[in-house]
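Structural characterization, general
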Amino acid sequence: MRTAFARTILLAAVLGGLILTPAQAEIRILASPGGQVGPFLDLFERVRASGERVVIDGPCLSACTLVLSMVPSDRICVTRRAILGFHGARSIDPRGRLNAEPEASELVLEAYPSAVRGWIRRRGGLTSRLLLLRGRELAAIYPSCR
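This is a predicted model, so every value here is computed, not measured.

As a further point, take the layout of surface pockets. Of the volumes computed, that of the largest pocket is approximately 460 Å³. Lining the largest pocket are 22 residues, with Gly 35, Val 37, Ser 62, His 87 and Arg 90 sitting closest to its centre. Elements supplying a minimum of two residues to the lining of the largest pocket: β7 (90-92) and α4 (102-111). Of the residues assigned to the lining of the largest pocket, the class counts are 13 nonpolar, eight polar and one charged. Of the volumes computed, that of the second largest pocket is approximately 160 Å³. Together, 13 residues line the second largest pocket, and Val 78, Thr 79, Arg 80, Ser 144 and Cys 145 are the ones closest to its centre.

The next subject is the pattern of salt bridges. Within the structure shown, the criterion is met by nine salt bridges. Between Arg 97 and Asp 93 there is a salt bridge whose closest N-O contact spans 2.9 Å. Looking at Arg 97, the relative accessible area reads 46%, which means it is partly exposed. Residue Asp 93 is classed as buried on the basis of its relative accessible area, which comes to 18%. If you follow the salt bridges from partner to partner, you end up with Glu 26, Arg 28, Arg 53, Asp 57 and Arg 81 in one network.

Our focus in this paragraph is the packing of aromatic side chains. Taken as a whole and judged by the stated rule, the model has three aromatic pairs. Where Phe 40 meets Phe 44, the ring centres are 5.8 Å apart and the plane angle is 45 degrees; that geometry is what we call tilted. Highlighted residues: Phe 40 and Phe 44, both in helix α2 (residues 37-50), separated by four residues, approximately one helical turn. Grouping residues by exposure puts Phe 40 and Phe 44 together as buried. Judged by centre distance (6.1 Å) and plane angle (50 degrees), the rings of Phe 86 and Trp 119 are tilted. Taken together, the positions of Phe 86 in strand β6 (residues 83-86) and Trp 119 in helix α5 (residues 114-122) put the pair 33 residues apart, joining distant regions of the chain. We note that Phe 86, like Trp 119, is buried.

Reading the values: rules and limits
Residues numbered from 1 in each chain as written. Predicted model: local features only at pLDDT ≥ 70, side-chain atom pairs only at ≥ 80, totals over all residues. Heavy atoms only, no water. 1 Å grid on protein atoms, 1.4 Å probe; cavity = no way out; pocket = protein on both sides within 12 Å on 5 of 7 lines; lining within 4 Å. Points joined across faces, edges and corners; volume = space filled by probe spheres on them. Helix = DSSP H or I, 4+ residues; strand = E, 2+ residues; numbered from the N terminus. Nonpolar A, V, L, I, M, F, W, Y, C, P; charged D, E, K, R; others polar. Salt bridge = Lys/Arg side-chain N within 4 Å of Asp/Glu carboxyl O. Buried < 20%, exposed > 50% of the residue type's maximum accessible area, 1.4 Å probe, protein only. Phe/Tyr/Trp six-rings, centres within 6.5 Å; stacked < 30°, edge-to-face > 60°.

Shown next as structure tokens:
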């Protein structure tokens with residue numbers, strides 16, 4: 001169990017801006033630009049299973065926002081510095097070109113909690129444009145960390 005937990009901590013560090021605060025048994029997201037979906041899904045599945053609380057304390061962009069789909073909302077809180085950044089799913093072809101993946105975008109959108117999904121839809125849905133949820137709008141969806 002300790003080894004798996006240590007791997008989770010290491011993976012969090014590799015994903016950028018995610019740290020564990022042992023005394024408080026929480027995962028703190030300080031700054032994550034996102035990245036490949038697979039490692040984030042693996043990490044957040046471990047976090048969900050661990051019972052740890054997630055503190056979003058800075059930018060959580062792109063694949064990082066999958067935390068909202070995987071960890072129960074009652075175990076997520078946000079600080080004044082929290083920013084969630086959403087965009088449509090995309091893939092990279094063999095020539096290095098980005099391609100929109102509308103079906104994957106719809107699956108991701110449906111996995112978000114309803115309040116987040118509604119906020120995204122009111123802003124035109126998941127497209128190539130980055131949508132930033134922060135401040136009062138974010139605080140209306142997730143509680144402030146204590």
